[in-house]
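Understanding the architecture of this molecule
Each chain is listed here by its residues.
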Amino acid sequence: KAARLMEEAKEELAQILTREEGKTIGESRGELQRSINVAEFCAGESRRMNGETIFSELPSNFVYTVKQPLGVVACVTPWNFPVAIPTWKIAPALVAGNSVVFKPATLTPATAVRIVQIFEEAGIPPGVLNLVLGSGSEAGDEIIGHPAVKAVSFTGSNPVGIRMYEQVSRRGAKCQCEMGGKNPVVVLEDADMDLPVENTAQGAFGSTGQRCTATSRAVVVNQIADEFVERITKRAQSMRIGHGNDPQTEMGPSVDESQFKTVLDYINIGREDGATMTCGGEPATGNGLDKGYFVQPTVFDRVTPDMRIAREEIFGPVLSVLRVKDFEEAMQVANDTEFGLSSSIFTNDAARIFRFVDEIETGMTHINSPTTGGEAHIPFGGSKGTGIGDREQGSTALDFYTELKVVYVDYTGRKREGNLY
């Protein structure tokens, strides 16, 4: 029912999302559809809360497993997907039979309130879904440190996530953290250049680069690097920047002044480290853009793997191009990061595609498509420094929010001889 109500309120929620977070209305509508899909899928999971039966090595013994709820779980969510991420945490937690304490980011309270209202309208009993607004240092710490909270699901930055994991695990509770990304796209010499240029542009500059799956590094072989840089620069310069409610807008603002300044600081760091800027690098101006937190889409060429703009998450419309001599070096550079969320490769060589799939150190990877994107019925999450704990969504959605119990039934009716562990 919540999915149906969300569908009815789709345009209203999309408008709230665009006004509050700044993304384009098209992106907001896409996020709402993803949220509806997630809610629908999780509703179906309520009919798939299956365990398994297991043959016992003992005669006249029956063994089976059941999934049971944890009790109270906390969902701590970021501002960049303030409808989809709460939905993909809250929905499986409720389906599994838990009650939820939901703490959204301080920058996006309006979307959070509307989501909870929709679940309330759908018939969630009082006290089962609880919204707490407040800063992480006050409300967040109080929630994650409370002994009644048996599990915490978090999406956000690495420093906050690591600190939260330490705090939660110290008291023996479960913790799930989805954190940063520095996602590479590898472009090989046989790629159809139109495809990697447009997909990289969408991955790097869509949502103003404020996605954990955003394309922040383009690892390009020398043979085609000049052409790629020339074309991606032209595409960046052609991005239409403006108010999210304008249907012609391709890229909105940074979410707030702090993020705006962070992006500009990283651009200056790229300059100081010696990278070659081919476009952007300044606040956007004209048509009133100087009155908002708009940054020009920025491309840096000849970035080296040791530069900070190649290693640290910027969360803005900044793309670093790293030139490599061949596929072998491309793999080495692509994996040279603490993060491991998403990746992609553009090539028509089947052998190198499957080698890339085998060797890339990310939880998700894409072939001839951008590093961004995902589907409601497919697991989501990263490896290395990006992810801690169970994956989210899809067939793994309920794993984090349930406890697996094993049941042994002895129907021999007599005393067992000997001991088993």
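Before reading on, note that the structure itself is shown above.
Residues numbered from 1 in each chain as written. Predicted model: local features only at pLDDT ≥ 70, side-chain atom pairs only at ≥ 80, totals over all residues. Heavy atoms only, no water.

Comments concerning the overall build of the chain
Along the chain, the regular secondary structure elements total 13 helices and 16 strands. Since a compact globule built from 421 residues should have a radius of gyration of about 22 Å, the 23 Å found for the chain is in line with a globular shape. In terms of overall dimensions, the chain has C-alpha extents of about 80 × 50 × 35 Å along its principal axes. For the chain, with 421 residues in total, the buried portion stands at 52%. In the chain, once contacts between residues fewer than 6 apart in sequence are set aside, the share between residues at least 24 apart is 71%. Put simply, the chain shows about 18400 Å² of open surface, and 50% of that area lies on carbon and sulfur atoms. The distance from the centre of the 41 positive side-chain charges to the centre of the 56 negative ones in the chain is 4 Å. (Helix = DSSP H or I, 4+ residues; strand = E, 2+ residues; numbered from the N terminus. Rg over C-alpha atoms; globule rule 2.2 N^0.38 Å. Buried < 20%, exposed > 50% of the residue type's maximum accessible area, 1.4 Å probe, protein only. Contact = heavy atoms within 4.5 Å. Areas by Shrake-Rupley, 256 points an atom, 1.4 Å probe, with all protein chains shown as cover. Lys, Arg positive; Asp, Glu negative; His and termini not counted. Charge placed at Lys NZ, Arg CZ, Asp CG, Glu CD.)

Comments concerning the sheet that holds strand β1 (residues 53–55)
Spatially, the three strands line up as an open sheet ordered β1-β2-β16, and their pairing is antiparallel. Each edge of the sheet is formed by a strand with only one pairing partner; in this case those strands are β1 and β16 (402–410). Ignoring strand direction, the axes of neighbouring strands in this sheet form an average angle of 25°. Bridge analysis of strand β2 (residues 61–69) against β16 gives nine bridges, and the strand direction is antiparallel. When the sheet's bridge partners are listed, Lys67 is paired in β16 with Leu404. (Pairing = 2+ DSSP bridges. Axes fitted to C-alpha atoms, helices over the stretch in contact; angles between N-to-C directions.)

Some words on the pattern of salt bridges
Scanning all chains against the criterion turns up 28 salt bridges. One salt bridge in this structure joins Asp301 and Arg323, with 2.9 Å as the shortest N-O distance. In this pair, Asp301 sits in strand β11 (residues 298–301) while Arg323 sits in strand β12 (residues 318–324), placing the two residues 22 residues apart along the sequence. Relative accessible area serves as the criterion here: at 5%, Asp301 is assigned to the buried category. (Salt bridge = Lys/Arg side-chain N within 4 Å of Asp/Glu carboxyl O.)

Some remarks on empty space enclosed by the protein
Going through the model one piece at a time under the given rule, you end up with three cavities of 30 Å³ or more. Roughly 100 Å³ of volume is contained in the largest cavity. Along the walls of the largest cavity sit 16 residues, with Gly209, Ala214, Ser216, Ile314 and Phe315 positioned nearest its centre. Tallied by class, residues from the lining of the largest cavity come to six nonpolar, six polar and four charged. The calculated volume of the second largest cavity comes to roughly 70 Å³. Lining the second largest cavity are 16 residues, with Pro184, Thr337, Phe339, Gly340 and Thr362 sitting closest to its centre. Looking at the lining of the second largest cavity residue by residue, the class counts come to five nonpolar, seven polar and four charged. (1 Å grid on protein atoms, 1.4 Å probe; cavity = no way out; pocket = protein on both sides within 12 Å on 5 of 7 lines; lining within 4 Å. Points joined across faces, edges and corners; volume = space filled by probe spheres on them. Nonpolar A, V, L, I, M, F, W, Y, C, P; charged D, E, K, R; others polar.)

Points about the pairing of strand β3 (residues 72–76)
Of all the five residues making up β3, four are buried; the element is thus mostly covered by neighbouring parts of the structure. Bridging between β3 and strand β4 (residues 99–103) involves five bridges; their strand directions are parallel. Note that in β4 the partner of Val73 across the bridge is Val100. Traced from β3 through helix α4 (residues 84–95) to β4, the parallel crossover comes out right-handed. (Right-handed = clockwise from strand over helix to strand, strands pointing away.)

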